[in-house]
Structures are given as C-alpha cells and as structure tokens.
Amino acid sequence: MSVSTVAATQTICAQLPVLGRDVTVPLVTGGEVTYAALDYAASAPALQRVWDDVAAYAPYYGSVHRGAGYLSQLSTDLFENARRTVEEFLDCRPDDQLIFTRSTTDSLNLLAAALPADCQVFVFETEHHASLLPWQDARVTYLNAPRTPAQAVETLEQALAARDPQGPALVCVTGASNVTGELWPVRELAAAAHSHGARIVLDAAQLAPHHPVSVQDLDVDWIAFSGHKLYAPFGSGVLAGRADWLQAADPYLAGGGASRKVSRREDGGVDVEWHDSAARHEAGSPNVIGAYSIASACKALTEAGFDTLVAREQHLIEKVRTGLAEVPEVKVLSLFGDDAPRVGVISFVVEGWNSSHFAAALSAEYGIGVRDGLFCAHPLLRTLLGTDPQTQGECGAPEAAPGEKSLNAIRVSFGAGTPDEHVERFVGAVRELVTNGAKWTYHTENGRCVPAV
C-alpha cells in the first residue's frame with residue numbers, strides 16, 4: 001500500500017525549499033521583514049517536501065501494528081517502509097536493527113539502558129549533553145577536549161589501551177560539533193575503538209542533515225540522530241546498529257508492542273516474552289507521522305544529492321566566515337582551527353557584548369533568528385571560552401568589558417533552504433550592531449532577553 005503525493009514527483013532543486021520561507025516578522029524599529037531562520041542546529045525548518053508528504057498521508061492515518069482495517073494496514077506499511085528507507089539512507093548492515101525513538105537524546109538513553117553489565121564508556125567532554133550524560137550508570141571515562149583530529153584519535157587510543165582489557169566497552173562521539181560545526185574523525189575513532197575491543201556509537205544529530213552518513217563506511221556500531229534537525233518535525237528520532245546488546249536488554253519501555261506473549265503464573269505474577277525485533281524497544285503506539293517525516297526527509301536529501309547540498313552549504317559557510325572575519329570584535333570559536341572541515345554551524349563571541357543582548361537585537365531589529373547561550377555543551381564552552389559558563393547574564397549591560405573573556409556565545413546555523421540573502425543580512429547586521437550599537441534597549445524577562453517596552 002502507498003500514499004500518492006504531488007511532492008513525490010517534484011524535481012528537487014539544489015536549494016531545497018523549506019516551510020516558512022515567506023514568513024514575515026515585526027521589527028521593534030517598525031515595519032516587517034522576511035524572517036531569516038538561522039538556528040538550524042537547534043531545530044531545522046521542515047522541508048516543504050516533508051510537509052506535503054505528511055499532509056497527503058494525514059487523512060489515511062490509522063493505528064500501527066494493531067488493526068485489520070485498511071487504514072491500519074496502510075499505516076503499518078507506511079511505518080515499516082519508513083524504517084527501510086532510513087536503513088538505506090544510513091547504509092545499515094543487513095543484520096542491523098533500526099529503532100524509532102523520540103530524538104537523539106532518547107536514542108542514546110535507550111542504548112545506555114541496554115549496556116551490558118560492567119560496561120566501560122569513553123566520551124569526550126566536547127559532546128552535547130545528549131551524548132555526554134546518558135552513561136551515568138556505567139563506568140565512564142571523560143576525555144579532555146582535543147585540539148586536532150589526530151589528537152582526538154591519540155587520546156582515545158591511550159585511554160582504551162589503559163583500560164581493563166576484560167569486559168565490554170563503548171565509545172561515544174559526535175560526527176559534527178553542535179558548537180563549532182567541525183567534523184570529527186569518526187572513521188579513525190571507530191578503527192581505534194575496534195582495535196581495542198570496544199564498540200562505538202555515533203551522535204549524528206548535526207552530521208546527518210549536512211553530509212551522507214554510511215554506517216558501513218564509517219564502521220560504527222550504532223548511530224543516533226533526530227528528525228527535527230533533519231528537516232522533519234513531529235518528534236521522532238532514530239537509533240540504528242547492532243542488534244545483540246539491544247536484544248539482550250530488557251525493553252527500554254515496557255508495554256504493548258514490546259511484548260510477544262504475556263501470561264499469568266500460578267503464583268499470581270506475570271510472565272512476559274519480549275520481541276527480539278525493533279519492536280522490543282518501541283512500546284506503545286508508534287509515532288507513524290514522525291517516522292514517515294524522517295523517511296520523507298531522507299528521500300528528499302538523497303534525491304537532491306549530497307554533493308550539491310554540501311557545495312551549496314560550503315558557499316554559505318565561506319560567506320559567513322569571511323564576513324565575521326572583517327569585524328575585529330568578533331571571535332569565532334574553534335577546536336581544530338580555521339581550516340578544519342565543518343558543517344553550517346558557527347559560534348562566536350563579540351567583545352564587550354552580552355550574547356543574549358546581541359542575539360535579541362538580531363531578532364528584534366533585523367528579523368534574524370540565532371541561538372545564544374551554552375548550547376547544551378557546557379564543558380566544551382568552558383574549554384573554548386576559558387571560563388566557567390554562566391547560565392544567565394544580565395542582557396541590558398555588556399557581558400564582558402573589552403579585554404575580558406565572554407561567558408556565553410552566539411551560534412548561527414543553516415543548511416538546505418537557506419538563501420544567500422539571509423546570511424548576507426546576518427553579516428551586515430553583525431557589522432552594524434558592533435559599529436553603531438543596538439537601536440533599542442533590552443532587559444531580562446522570564447529568563448529571556450527581550451526588547452524593553
């Protein structure tokens with residue numbers, strides 16, 4: 001069974017259209033402007049293709065794995081076909097399992113719950129909290145931030161060589177930093193892990209939307225990512241990889257769908273036989289729309305061609321980096337240096353400015369949406385800024401005086417669907433704010449920096 005959509009037959013252009021590209025927002029200085037969404041690293045806008053596909057399916061929505069009716073059967077087919085589409089997108093091994101979750105965070109917590117007893121986990125302090133924190137119940141070794149890709153591999157090699165050689169071990173690493181956008185040497189880290197008898201899980205939340213990701217080519221054991229960063233909203237994510245640890249673990253959530261057979265014992269208790277398939281960790285009614293939206297995004301990105309998308313994104317990266325380099329007060333944050341390969345994620349600080357104040361002015365006076373703060377990567381920001389990051393600053397005054405270190409940062413991020421005009425407006429706005437200051441006054445309200453009325 002299938003759902004026919006107009007979007008499925010559209011020609012995909014290099015600059016994939018996204019939903020909301022024509023939205024206008026008011027400015028505190030008067031008038032309106034087309035909104036420049038430059039916060040893709042937090043949540044990317046939905047591809048128009050994804051929205052159209054979901055809208056076409058919505059009238060046929062039904063229960064999954066639960067009913068004999070036509071709509072239930074169609075929805076089940078749609079859900080399982082989405083699983084196969086994402087498996088192809090990730091180039092999974094034939095015996096891998098792909099589990100639909102709520103997000104990258106959910107995926108990595110699921111894997112953490114499935115770790116064998118006495119598993120050792122190795123994770124760099126540079127990770128997003130989603131991949132830094134789920135391992136609290138395991139024996140965790142936190143590795144210092146490397147300053148080159150080669151140092152990352154060397155640091156991991158040394159840590160694994162020094163470990164107790166007995167028992168299971170897992171390495172968790174990002175594919176692209178959510179702070180600096182820099183690409184990590186995943187293939188080399190996987191080789192290092194395997195040479196020491198460890199497995200590796202890849203946090204591809206920031207990598208999969210920007211670059212092709214092959215489980216087999218990178219030789220990772222698991223991969224996790226989120227739909228909302230892959231231009232697919234509706235609250236779904238993916239954990240894909242080796243089945244053995246997942247099959248040996250109790251279900252992440254107990255309930256319908258995860259169980260194959262449930263029976264009462266003579267003593268009054270309950271015996272449960274769990275599924276060995278992905279259903280083991282997909283208890284409850286599956287998020288079929290979320291899964292379908294991820295599959296739709298995977299198809300759209302594949303059809304557009306990552307070579308074209310990467311080249312387009314690199315063009316935008318150069319525009320932003322060149323423009324920021326012309327403003328002496330701006331310092332771009334980096335672990336691996338200016339020449340490191342990266343995706344469209346760039347963080348920076350502005351001398352003498354509070355990051356929340358600067359981001360609020362970009363939004364209120366220029367209609368530009370960026371992110372400010374610590375980006376759920378506090379240890380990494382501590383390393384990059386050389387300070388103890390603060391969760392909240394006073395937005396009405398400079399965060400740091402000239403010559404002093406900033407406490408937080410600003411992040412601009414983009415990808416498919418971002419037009420040149422948006423990054424050009426951003427660069428021009430940064431230059432104007434630094435040169436002339438904000439046109440409005442701002443204050444903290446409910447923990448956010450907002451224009452003062």
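Heads up: these notes are all about the structure in this document. Since the structure is predicted, the reported quantities are computational estimates derived from the model, not experimental observations.

Turning our attention to the sheet that holds strand β6 (residues 139-143). Read from one edge of the open sheet, seven strands run β4-β10-β9-β8-β7-β5-β6, paired in mixed fashion. Looking along the sheet, the strands with just one partner apiece sit at the ends: β4 (97-101) and β6. Averaged over all neighbouring strand pairs, the angle between strand axes comes to 20°, with direction disregarded. When strand β9 (residues 222-226) meets strand β10 (residues 237-241), the two strands line up antiparallel, connected through five bridges. Residue pairing in the sheet places Trp222 in a bridge with Gly241 of β10.

Where strand β18 (residues 442-445) and strand β19 (residues 448-451) come together, four bridges link them in antiparallel fashion. Of the residues in β19, the one forming a bridge with Tyr442 is Pro451.

A separate point is the environment of Arg265. Following the sequence through the fold, Arg265 ends up in the loop between β11 (259-264) and β12 (270-274). Setting aside its immediate chain neighbours within four residues, Arg265 contacts Val270 and Asp271.

Moving on: the sheet that holds strand β17 (residues 409-413). Read across the open sheet, the four strands follow the order β13-β14-β17-β16; overall the sheet is antiparallel. Edge positions in the sheet fall to β13 (330-332) and β16 (371-373), since each of these pairs with one other strand and no more. Geometrically, the sheet is characterised by an average inter-axis angle of 30° between neighbouring strands, direction not taken into account. Bridge count for strand β14 (residues 345-350) against β17 is four bridges, and the pairing is antiparallel. Paired with Ile346 across the bridge in β17 is Val412. Taken strand by strand, helix α10 (residues 306-325) contacts β13, β14 and β17, and its axis lies near 10° from that of β14. Along the sheet, helix α11 (residues 355-366) makes contact with β14, β16 and β17, crossing β16 at roughly 165°.

It is worth spelling out helix α5 (residues 149-161) at this point. Count 3.6 residues to each turn of an α-helix, and residues three or four apart come out pointing the same way. For α5, which comprises 13 residues, the first-to-last C-alpha distance of 19 Å matches the rise-based estimate of 18 Å (1.5 Å per residue) to within 8%. Listing the buried residues of α5 in full gives Ala152, Val153, Thr155, Leu156, Ala159 and Leu160. Buried residues of α5 fall within an arc of 160° about the axis and therefore sit on the same side. The exposed set on the far side of α5, more than 90 degrees from its buried face, consists of Ala150, Gln158 and Ala161. Packed against the buried residues of α5 are β5 (120-124), β6, β7 (169-174) and α6 (186-195).

What follows deals with the packing of aromatic side chains. Considering all chains together, one arrives at 11 aromatic pairs under this definition. On the basis of an interplanar angle of 55° and a centroid distance of 5.4 Å, the ring pair of Trp184 and Phe336 is categorised as tilted. A residue pair is termed long-range when its members are at least 10 positions apart, and Trp184 in the loop between β7 and α6 and Phe336 in the loop between β13 and β14 qualify at 152 residues.

Before going further, it helps to examine the environment of Thr180. For Thr180, the location among the structural elements is in the loop between β7 and α6. Counting along the chain gives 168 residues from Thr180 to Phe348, while the straight-line C-alpha distance between them is 8.8 Å. Each residue touching Thr180, except ones within four places of it in the same chain, is listed here: Leu333, Ser334, Leu335, Arg342, Val345 and Leu384. Side chain to side chain, Thr180 and Glu182 meet in a polar contact 2.8 Å long.

With that settled, consider the state of the cysteines. Here the structure, examined in full by the defined rule, presents zero disulfides. Distance from the sulfur of Cys119, which forms no disulfide, to the nearest cysteine sulfur (Cys172) is 12 Å. Under the relative-accessibility criterion, Cys172 is labelled buried at 0%.

A full pass over the atoms with the stated rule returns 21 salt bridges. A salt bridge links Arg199 to Asp244; its shortest N-O distance comes to 2.6 Å. Highlighted residues: Arg199 in strand β8 (residues 199-203) and Asp244 in helix α8 (residues 244-248), separated in sequence by 45 residues. Arg199 gets classed as buried once you look at its relative accessible area, which sits at 18%. For Arg242, the salt bridge is made with Asp221, and the minimal N-O distance between the two is 2.7 Å. A residue pair is termed long-range when its members are at least 10 positions apart, and Arg242 in the loop between β10 and α8 and Asp221 in the loop between α7 (215-218) and β9 qualify at 21 residues. Counted as one network, the salt bridges with shared partners bring together Arg312, Lys319, Asp420 and Glu424.

Bringing helix α13 (residues 420-436) into the picture now. End to end, α13 covers 24 Å across 17 residues, agreeing with the expected 24 Å (1.5 Å per residue, within 8%). Along α13, the residues that are buried comprise His422, Val423, Arg425, Phe426, Val427, Ala429, Val430, Leu433 and Val434. Just past α13, the residue Gly437 takes up positive phi, approximately 80°.

Looking now at empty space enclosed by the protein. Applying the stated rule across the entire model yields three cavities of 30 Å³ or more. Here the second largest cavity defines a volume of roughly 50 Å³. Lining of the second largest cavity is provided by Tyr40, Ala41, Ala205, Gln206, Pro209, His210, Lys229, Gly344, Val345, Ser413 and Phe414. Residue composition of the lining of the second largest cavity, by class: six nonpolar, four polar and one charged.

Bringing the packing of helix α2 (residues 70-90) against helix α9 (residues 288-304) into the picture now. One way to put it is that α2 packs onto α9 with a least axis distance of 8 Å and a crossing angle of 40°. Of the possible angle classes, the one that applies to α2 and α9 is oblique. Once α2 is placed against α9, the crossing between them reads as left-handed. Contacts between α2 and α9 involve Ser75, Leu78, Phe79, Ala82, Thr85, Val86 and Phe89 on the former and, on the latter, Val288, Ala291, Tyr292, Ile294, Ala295, Cys298, Lys299, Leu301 and Thr302. Its residues assigned to classes, the contact of α2 with α9 comprises 12 nonpolar, three polar and one charged.

Reading the values: rules and limits
- Residues numbered from 1 in each chain as written.
- Predicted model: local features only at pLDDT ≥ 70, side-chain atom pairs only at ≥ 80, totals over all residues.
- Heavy atoms only, no water.
- Pairing = 2+ DSSP bridges.
- Helix = DSSP H or I, 4+ residues; strand = E, 2+ residues; numbered from the N terminus.
- Axes fitted to C-alpha atoms, helices over the stretch in contact; angles between N-to-C directions.
- Contact = heavy atoms within 4.5 Å.
- Expected span 1.5 Å × (residues − 1).
- Buried < 20%, exposed > 50% of the residue type's maximum accessible area, 1.4 Å probe, protein only.
- Arc of directions from axis to C-beta.
- Phe/Tyr/Trp six-rings, centres within 6.5 Å; stacked < 30°, edge-to-face > 60°.
- Polar contact = N/O pair within 3.5 Å; in protein donor to acceptor, adjacent residues only side chain to side chain.
- Disulfide = S-S within 2.5 Å.
- Salt bridge = Lys/Arg side-chain N within 4 Å of Asp/Glu carboxyl O.
- 1 Å grid on protein atoms, 1.4 Å probe; cavity = no way out; pocket = protein on both sides within 12 Å on 5 of 7 lines; lining within 4 Å.
- Points joined across faces, edges and corners; volume = space filled by probe spheres on them.
- Nonpolar A, V, L, I, M, F, W, Y, C, P; charged D, E, K, R; others polar.
- Parallel < 35°, antiparallel > 145°, perpendicular 65-115°, else oblique.
- Left-handed = near helix turned anticlockwise from the far one by under 90°.

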